[in-house]
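# Working through the structure, step by step
The residues making up each chain are set out below.
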Amino acid sequence: MEESENFNSAKRAFSNSLLEICPDLAEKELEFILKKVSLTQIRSKTFYLKAGIVQESLGFVYSGLLRSYYLTADGKEVTTAFLSENSTATDYRSFIQQIPSKFYIKTLEPCIFINLSYNSIQECYSRFKNFEKYGRLIAEYLLIKRQNRIESFLFENAEQRYLNFLKNNPRLINRITLTHLSSFLGIERQSLTRIRKNL
């Protein structure tokens with residue numbers, strides 16, 4: 001019963017997210033898409049995606065928090081993103097091209113996802129012009145997000161990156177460790193501690 005309630009609530013949240021990104025989606029299009037989704041519940045500290053694996057489904061995060069990262073040649077973890085409610089847990093390149101990922105996505109909290117498979121998305125693209133538009137808008141959003149991250153390293157110092165993170169992610173700061181945050185910001189943990197003390 002609880003899983004059924006979670007599924008219905010998660011589908012509503014996913015539907016709202018689709019409409020927020022692409023308001024042109026018609027009711028019949030939404031109904032078709034929602035028939036294609038599945039629900040996944042994963043406990044904390046569990047992999048949603050591993051490097052070397054092809055991502056076969058997009059994961060809309062209904063609840064919980066994840067971290068995306070890659071491993072350097074010497075085995076160091078470098079955090080590339082935090083993924084919380086109403087975001088998508090994906091290595092988009094792996095998903096769109098159906099090639100092995102270079103990233104790990106791991107839960108930091110228990111998570112509930114709505115999954116939409118690659119084949120289902122392709123079917124939606126071929127059936128509905130509006131869903132093609134949705135796909136383009138998602139790709140543009142992810143590209144801009146990546147570009148903003150690149151520019152933050154090029155044009156901002158460590159303190160500015162930290163302050164911008166606080167401004168843009170006020171609900172995350174108490175849910176992640178300083179180690180993960182310093183990795184994401186590209187600074188040593190001691191430097192982040194010093195920045196926090198000086199503010």
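In short, a report on the structure. From a predicted model like this one, the values you see are computed outputs, not experimental measurements. By convention here, each chain's residues receive numbers from 1 onward along its written sequence. Where local features are concerned, this predicted model is filtered to residues with pLDDT of at least 70; where side-chain atom pairs are given and counted, the filter is 80 or more; whole-chain, interface and lining totals use all residues. Side-chain measures were taken over the full set of non-hydrogen atoms in the model, leaving aside hydrogen atoms and water.

The next point concerns a nonpolar patch on the surface. On the surface, Ile 150, Leu 154 and Phe 155 cluster together into a nonpolar patch covering about 360 Å² of accessible area. What counts as a helix is a DSSP run of H or I of at least four residues, what counts as a strand is a run of E of at least two, and both are numbered from the N terminus. Relative to the helices and strands, Leu 154 resides in helix α5 (residues 129-155). By relative accessible area, Leu 154 is classed as exposed at 60%. Like-charged residues within 9 Å of one another, or nonpolar side chains (Val, Leu, Ile, Met, Phe, Trp, Tyr) within 5 Å, are grouped into patches, provided each residue has over 30% relative accessible area and no salt bridge. Residue-level accessible areas treat just the shown protein chains as cover; the underlying method is Shrake-Rupley with a 1.4 Å probe. We count a salt bridge whenever a side-chain nitrogen from Lys or Arg sits within 4 Å of a carboxyl oxygen from Asp or Glu. Three labels apply to residues, based on accessible area from a 1.4 Å probe with only protein chains included: buried if under 20% of the type maximum, exposed if over 50%, partly exposed otherwise in between.

A word on the nonpolar core. Here, the term nonpolar core denotes a set of buried Ala, Val, Leu, Ile, Met, Phe, Trp, Tyr and Cys residues that are joined through side-chain atoms within 4.5 Å. Residues Phe 14, Leu 18, Ile 33, Ile 114, Leu 116, Ile 121 and Phe 131 are the most contacted members of the largest nonpolar core, which totals 26 residues. For this core, the elements supplying multiple residues, two or more each, are α1 (2-21), α2 (27-34), β3 (57-63), α3 (92-97), β8 (111-117), α4 (118-127) and α5. In this description, contact between two residues means that some pair of their heavy atoms is separated by no more than 4.5 Å. Setting aside chain neighbours within four positions, we find Ile 33 in contact with Phe 14, Leu 18, Leu 116, Cys 124 and Phe 131. Membership of the second largest hydrophobic core comes to 13 residues, among which are Ile 176, Phe 184, Ile 187 and Ile 195.

A few words on empty space enclosed by the protein. Using protein atoms alone on a 1 Å grid, points that fit a 1.4 Å probe yet trap it form a cavity, whereas open point sets bounded by protein on both sides within 12 Å along at least five of seven lines form a pocket; residues with an atom within 4 Å of a point count as lining. Grid points are joined across faces, edges and corners, and a volume is the space filled by probe spheres set on the points. Enumeration over the complete set of coordinates arrives at one cavity of 30 Å³ or more. Its boundaries defined by the atoms lining it, the largest cavity holds a volume of some 40 Å³. Forming the boundary of the largest cavity are Leu 58, Tyr 92, Ile 121, Tyr 125, Tyr 134, Gly 135 and Ile 138. Elements that contribute at least two residues to the lining of the largest cavity include exactly α4 and α5. When residues of the lining of the largest cavity are assigned to their parent elements, the largest contribution, three residues, is made by α5. Polar here means any residue other than Ala, Val, Leu, Ile, Met, Phe, Trp, Tyr, Cys and Pro, which are nonpolar, and Asp, Glu, Lys and Arg, which are charged; Gly is therefore polar. Residue classes in the lining of the largest cavity are distributed as six nonpolar, one polar and no charged.

This part is about the packing of helix α6 (residues 158-168) against helix α7 (residues 178-185). Angle between the axes and distance between the axes: these two values describe a pair of packed helices. Axis definition: a line fit to C-alpha positions, over the contact stretch in the case of helices; interaxial angles, taken between N-to-C directions, run 0 to 180 degrees. It is at 10 Å that the axes of α6 and α7 come closest, and there the two elements cross at 115 degrees. For the crossing formed where α6 meets α7, the hand is right-handed. Between α6, through Arg 161, Tyr 162 and Phe 165, and α7, the contact on the second element is made entirely by Leu 181, Phe 184 and Leu 185. The residue inventory of the contact of α6 with α7, partitioned by class, reads five nonpolar, no polar and one charged. By definition, turning the near helix anticlockwise from the far helix through less than a right angle yields a left-handed crossing, and turning it clockwise yields a right-handed one.

Turning to the side chain of Ser 152, a few remarks are in order. Along the chain, the position of Ser 152 falls in helix α5. Ser 152 gets classed as buried once you look at its relative accessible area, which sits at 13%. Among the polar contacts made by the side chain of Ser 152, one reaches the main-chain carbonyl oxygen of Arg 149 at a distance of 2.7 Å. Side-chain atoms alone can form a polar contact between residues adjacent in sequence; in general such a contact is a pair of N or O atoms within 3.5 Å, and within protein one must be able to donate a hydrogen while the other accepts it.

Evaluation of the coordinates by the stated rule reveals nine salt bridges. Two residues, Glu 85 and Arg 171, come together in a salt bridge whose shortest N-O distance is 4.0 Å. Linking Glu 85 in the loop between β5 (77-83) and β6 (88-89) with Arg 171 in the loop between α6 and α7, this pair joins segments that are 86 residues apart in sequence. Owing to a relative accessible area of 62%, Arg 171 belongs among the exposed residues under this scheme.

With that settled, consider the sheet that holds strand β4 (residues 66-71). Strand pairing follows a simple DSSP-based rule, namely that at least 2 bridges must link the two strands. The four strands lie next to each other as β2-β7-β4-β5, forming an open sheet whose pairing is antiparallel. Looking at strand neighbours, the two that pair on one side only are β2 (47-49) and β5, the edges of this open sheet. Strand-to-strand twist of the sheet, defined as the mean angle between neighbouring strand axes without regard to direction, takes the value 30 degrees. Looking at chain direction, β4 and β5 are connected through six bridges and run antiparallel. Residue pairing for β5: Leu 66 is matched across the bridge by Leu 83. Each of β4 and β5 touches α7; the most contacted strand, β5, lies at about 100 degrees to it.

Within this model, the second largest pocket holds a volume of roughly 220 Å³. In terms of lining residues, the second largest pocket is bounded by 13 residues, among which Lys 76, Glu 77, Thr 179, Ser 182 and Ser 183 are the most central. Sorting elements by how many residues they give to the lining of the second largest pocket places α7 first, with four residues. Classifying every residue of the lining of the second largest pocket gives two nonpolar, six polar and five charged.

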